[in-house]
Amino acid sequence: MADSPHRATILEPAPSSVSADVSPRRRSTRFRPRVLLVEPDKDTRSSLALGLVGAGFEVLAAPSIEDVLGELGEGRPLPHLVIAPAAPNGDGLDGFTFCERLRADARTEHLPVYLLSRREEPHHRSRAEAVRADDYLLQPLPPRVVVSLARLKAGRSAFAPAYEAHTVRMPLAQVLHALLCGWRSGRIELRDNEGWLSFHEGHVVDASFEGERGLTAIRRMLFFGSGAYAVSFAEVLAEGKLLLNLKIYASLLLPAAERFAALCALGIPLSARLVVDFKRLADVLKSLPDDVGQVLRLFDGQRTVHTALLECHMPEVTTLEVVTCLYAQGVLVPANLIAERETVPQSIPPFFEPVLSPEAPGEADEPFSEAFETPGSSRAA
């Protein structure tokens, strides 16, 4: 590409902010994936850049595409991700032409490219597909959506069949939010659980998780799905209903998933087995709501918290909130604590077992049954 003067600004994260979240394959503190960010609006550019820098990326930010062409010339280190406006800034290049040029150059053809637009034009999606952009997204976009997309694809080929991630670095709720902001179709598939989810042009169209399908599967996959997963993109999906759109997801399900994650972070493992401390329950019973009983009866020391959340008739988030409060009050405690409290010390003879006096001389070998002869027995006679 031809070199040109530029007004790009380089923003680097502080050394302490470089995180392993950037990429599962890029964990060296010396490695900082570079994002080339073009955004005409100063405030939007600053917001997106600061979000990316906070996530550990180095950002090369500029108001127009012409300002960064020099950074893509021979001998320059290439960025790991390109974000550019779909519409031109004045008489300059538009994002579609820019992406087409990148794809035509052997050095840059595999760079991931996201195109942003402030309004959707009828022909934009077809043009984005024609120039093989990674996605076409409508603004305004929350910075964390851009961060999620950058974490997913920065430093990887634009044409990879699948992109690996992990829920520790990229929670499913966040990556799904980012994917629904675009126009692509694809699938999220868990590696460690039995679960998958299909999305299509801003909608979730099908999902399966641990025997459930539909909306229940979506909710439980976001709450309980964990470990490694893969995101793949496909041109054609199996037929499915439009179960959930971006607006409903962002206003209802995403906040619930984030609330659920925050409650889990308080420290009650979903694998824990809890039981009711009835002594403590008696002390606080008058202050508890009437419907708390349906939660308490599930904790018999055998069920895990996970199982109780699935079996309770209340929503999972509400149930977990109740469990967390009861645990904080000492009404629900780990089952082993109650078991230890109720264990009879070994020094105390078991109930109803007779205690024998010291043996008299000559009686050491006398059978136990004969030590308690009743009147009328053959020995008494």
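Preceding block: the structure.
Residues numbered from 1 in each chain as written. Predicted model: local features only at pLDDT ≥ 70, side-chain atom pairs only at ≥ 80, totals over all residues. Heavy atoms only, no water.

A. Broad picture of the pattern of salt bridges. Overall, the coordinates contain 21 salt bridges when judged by the stated rule. Of the charged contacts in the structure, one is a salt bridge between R125 and E201, with a shortest N-O distance of 3.6 Å. With R125 in helix α3 (residues 124-130) and E201 in the loop between β9 (195-200) and β10 (203-209), the pair connects residues that are 76 residues apart, well separated along the chain. Look at R125 and you get partly exposed, because its relative accessible area is 27%. Among the salt bridges present, the one from E321 reaches R259, with a minimum N-O distance of 3.0 Å. Residue E321 is located in helix α11 (residues 316-328), and its partner R259 is located in helix α7 (residues 246-264); the two are separated by 62 residues in the primary sequence. Residue classification places E321 among the partly exposed positions, given a relative accessible area of 28%. Take R259: its relative accessible area is 41%, and that puts it in the partly exposed class. (Salt bridge = Lys/Arg side-chain N within 4 Å of Asp/Glu carboxyl O. Helix = DSSP H or I, 4+ residues; strand = E, 2+ residues; numbered from the N terminus. Buried < 20%, exposed > 50% of the residue type's maximum accessible area, 1.4 Å probe, protein only.)

B. Here's a closer look at α7. Taking 1.5 Å of rise per residue, 19 residues should cover 27 Å, and α7 covers 25 Å from first to last C-alpha, within 8% of that figure. Of all the bends in α7, the largest measures some 35° and sits at L253, one to four residues before the proline P255. Considered for burial, the residues of α7 that qualify are Y249, L253, L254, A257, F260 and L263. Tucked into the core, α7 has its buried residues touching α4 (143-153), α5 (172-180), α6 (214-224), β13 (244-245), α10 (305-311) and α11. (Expected span 1.5 Å × (residues − 1). Bend = angle between axes of the 7 residues up to and from the residue. Contact = heavy atoms within 4.5 Å.)

C. Spotlight on the pairing of β10. Across the 7 residues of β10, 6 count as buried, placing the element largely inside the fold. Across 6 bridges, β9 lies against β10 in antiparallel orientation. Bridging from a neighbouring strand, W196 pairs with S208 of β10. Count of turn residues in the β9/β10 antiparallel hairpin: 2 residues, of which E201 carries a positive phi of about 50°. With 2 bridges connecting them, β10 and β13 associate as antiparallel partners. (Pairing = 2+ DSSP bridges.)

D. Just the packing of α6 against α7, in detail. Remark: α6 packs on α7, axes separated minimally by 9 Å, with the N-to-C direction vectors making an angle of 35°. Both α6 and α7 take part in a crossing whose hand is right-handed. Of α7, the residues touching α6 (which contributes I218, R219, L222, F223 and F224) are Y249, L253, A256, A257 and F260. (Axes fitted to C-alpha atoms, helices over the stretch in contact; angles between N-to-C directions. Left-handed = near helix turned anticlockwise from the far one by under 90°.)

E. Main features of the environment of C312. Here C312 lies in the loop between α10 and α11. Note: C-alpha distance between C312 and Q294 (18 residues apart in sequence) is 7.2 Å. Each residue touching C312, except ones within four places of it in the same chain, is listed here: Q294, V295, L298 and T319.

F. Geometry of α4. With respect to burial, α4 is a largely interior element, 9 of its 11 residues being buried. Among the residues of α4, V145, V146, V147, S148, L149, A150, R151, L152 and K153 are the ones counted as buried. Two residues or fewer past α4, G155 is found with a positive phi of approximately 80°.

G. Local environment of unusual backbone geometry. Between Q139 and P140 the backbone carries a cis peptide bond, its omega angle lying at 5°. Mapped onto the secondary structure, P140 falls in the loop between β6 (135-138) and α4. Positive phi, close to 60°, is recorded for R132, a residue that is not glycine. Relative to the elements of secondary structure, R132 occurs in the loop between α3 and β6. Even without being a glycine, E201 presents a positive backbone phi close to 50°.

H. Focus on the packing of α5 against α7. At their nearest, the axes of α5 and α7 sit 10 Å apart, and the two run at 170° to each other. Here α7 runs roughly antiparallel to α5, going by the angle between their axes. Seen from α5, the contacting residues are L172, A173, L176, H177 and L180; seen from α7, they are L246, Y249, A250, L254 and A257. By residue class, the composition of the contact of α5 with α7 is 9 nonpolar, 1 polar and no charged. (Parallel < 35°, antiparallel > 145°, perpendicular 65-115°, else oblique. Nonpolar A, V, L, I, M, F, W, Y, C, P; charged D, E, K, R; others polar.)

I. Highlighting the environment of A308. Topologically, A308 is positioned in helix α10. Overall, A308 belongs to the buried group, its relative accessible area being 0%. Separated by 34 residues in sequence, A308 and L274 place their C-alpha atoms 9.9 Å apart. Sequence-distant contacts of A308, that is, excluding residues within four places in its chain, are made with L298 and F299.

J. Molecular detail of the sheet that holds strand β14 (residues 273-276). Sheet architecture is open: 3 strands sit in the order β15-β14-β16, paired in antiparallel fashion. In this open sheet, the two strands that pair with only one neighbour each are β15 (300-304) and β16 (332-334). Between one strand axis and the next, the sheet turns by 40° as a mean value, whatever way the strands run. Pairing of β14 with β15, which is carried by 2 bridges, proceeds in the antiparallel orientation. Within β15, the position partnered with V275 by the bridge is D300.

Note that all results are geometric; they support no functional claim without further evidence.
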